[in-house]
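Below are the chains, spelled out letter by letter.
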Amino acid sequence: MPRNLEHLLYRLLIYFCCLVGATMKFLLIYLLGMFAPCLYTMYLNWMIYEVVIPIMGRSGSEIPPDVLVASFVTVSSIVLSSYFLNFIYLARSTKKTALTLTTVFAVVFVLVCSGIFFPYSSDSANPRPKRIVLQHLSRQFHDLNGHLSKSDSGIWINGLDYGGMSHITPHIPELNDTMRTKCEEESPFCGLPWILPVNNLFRKNWYLPATVHVPKDSIQFQLLSKEQLPWESTKLTFEISGPSHMSLYLRPHQGVTLSRWSLGDGTPFVNRDGDYFVYYSHGLQALPWRFWIEMKASDEPVKGMVTLGIATHYFFGEDQKSPQLRALLERFPSWAFLSNWVSTYDQFIF
């Protein structure tokens, strides 16, 4: 129903209330006239909730979903109730009606803020899972001379919603805020094996120390050539052999730019943090991945031109899970939906 017709019905209601009083017949006609637009508006709102609420379950640690969903609820409530609020003035006691509505609002507000409603459920008829990603990670950091400077291993954990691990800590006490992941500031993407460049959405993650797990199909990485080009650029050619899913991270050093590479259309696309991300996958049988990058420096770099990180992701097969990862998975509650695999991270400076 067009909005101008709704306004007309509203004005007619006020007119009849002022002149002859609101008869039951007129109220029935008015309510029947508003039934179709209200039903359609409720349907549109429901479709918005069907889309937005599941997305909020994987929107990251930086976006509070309650604020966004509450905004939609507020707007939809205002739209749906705007043409019915005038019925308050038709009640015998306006004060009692206003007091009743205020009481209902206050009770619901207290219940929502008290945390009495648990957000997750494993009920198959109405599932509300908490999505968590776990990666048993082994990291190695090499210096400019290719020597191993440091290494560590642990289970890297990301909660895909704003709640973090607050509901998991009672089940796994060691998984608390004291185990938050520390960012390696000198490394691209904090030196972590992101499968997608979404590090800005998931700034809160956890790192539980664990024993080193070495996959059988380990990665093989080498610099094939380093060539000085006539236009004062340096071309670095690499070759990588590894599992079917890998991520490449690049961070040019200060005074150095990544001008070209052999990937895509040849034009590098930089992330908002100044790093470069490449996701590479292939079938079960594939030749080694060979690519080159072209770096251009304004001055002779002392500490190298670029920091390169390569991460592997073992999504299937015998290398997918380690014994320590399996043991940790069994401790999670039934309403937790767990994505898990083994990863490695190797970093080099050139």
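Above this text is the structure in question.
Let me sum up the structure you'll find in this document. Because the structure is predicted, anything quoted here is derived from the model rather than measured.

1. A look at a nonpolar patch on the surface
A surface patch of nonpolar side chains, about 650 Å² in accessible area, is lined by Val104, Val107, Val108, Leu111, Val112, Ile116 and Phe117. Among the secondary structure elements, Ile116 is positioned in the loop between helix 4 (94-114) and strand 1 (130-142).

2. As for the side chain of Asp346
Positionally, Asp346 belongs in strand 11 (residues 336-349). Beyond its immediate chain neighbours, meaning those up to four positions away, Asp346 contacts Gln140, His142, Ile219, Leu308, Gly309 and Ile310.

3. Observations regarding the state of the cysteines
For the coordinates displayed, the defined rule picks out 1 disulfide. Put simply, Cys183 and Cys190 are joined by a disulfide, and their sulfur atoms are 1.9 Å apart. Residues Cys183 and Cys190 are joined through a disulfide that is left-handed, its torsion about the S-S bond being -85 degrees.

4. Brief notes about the sheet that holds strand 5 (residues 233-241)
The strands making up a sheet associate through hydrogen bonds between their backbones, and the pairing can be parallel or antiparallel. Reading across from one edge, 4-5-9-7 is the order of the 4 strands in this open sheet, with antiparallel pairing throughout. At either margin of the open sheet sits one strand with a lone partner, and together these are strand 4 (220-229) and strand 7 (256-261). The average undirected angle you get between the axes of adjacent strands in this sheet is 25 degrees. As defined by bridge partners, strand 7 adjoins strand 9 (residues 289-297) across 5 bridges and the pair is classed as antiparallel. Residue pairing in the sheet places Thr257 in a bridge with Lys296 of strand 9.

5. Looking at the sheet that holds strand 11
Taking strand neighbours across the sheet as the criterion, the 7 strands line up as 3-2-1-11-10-6-8 in an open arrangement whose pairing is mixed. Only two strands of the sheet have a single partner each, and these edge strands are strand 3 (206-209) and strand 8 (276-281). For this sheet, the mean angle separating the axes of adjacent strands, direction not counted, is 25 degrees.

6. Comments concerning the pairing of strand 11
Counting buried residues along strand 11, 10 of its 14 residues qualify, which places the element largely inside the surrounding structure. Alignment of strand 1 against strand 11, held across 12 bridges, turns out to be parallel. Residue pairing across strands places Gln140 opposite Asp346, the latter belonging to strand 11. Pairing of strand 10 (residues 306-314) with strand 11, which is carried by 8 bridges, proceeds in the antiparallel orientation. Across the sheet, residue Leu308 finds its bridge partner in strand 11, namely Phe348.

Here is what the cut-offs are and how they apply
- Throughout, residues of each chain are indexed from 1 in the direction in which the sequence is written.
- In keeping with the predicted nature of the model, local features appear solely for residues at pLDDT of at least 70, side-chain atom pairs appear and are counted solely at 80 or more, and the whole-chain, interface and lining totals rest on all residues.
- Hydrogens and waters are ignored; side-chain quantities use all the structure's heavy atoms.
- Candidates for patches are residues over 30% relative accessible area with no salt bridge; among them, like charges are joined within 9 Å and nonpolar side chains (Val, Leu, Ile, Met, Phe, Trp, Tyr) within 5 Å.
- Accessible surface is estimated by sampling points in the Shrake-Rupley manner with a 1.4 Å probe; for residues, cover comes only from the protein chains shown.
- Note on definitions: salt bridges are taken to be side-chain nitrogens of Lys or Arg within 4 Å of carboxyl oxygens of Asp or Glu.
- Elements are defined by DSSP. Helices are runs of H or I of four residues or more, strands are runs of E of two residues or more, and each kind is numbered from the N terminus.
- In what follows, a contact means two residues having at least one pair of non-hydrogen atoms within 4.5 Å.
- Note on terminology: pairs of cysteine sulfur atoms within 2.5 Å are recorded as disulfides.
- The pairing criterion is simple: DSSP has to find at least two bridges between the two strands.
- Axis angles are defined between N-to-C directions and span 0 to 180 degrees, where every axis is a line fitted to C-alpha atoms and, for a helix, only to the segment in contact.
- Accessible area is worked out with a 1.4 Å probe on protein chains only. A residue is then buried under 20% of its type maximum, exposed over 50%, and partly exposed in between.

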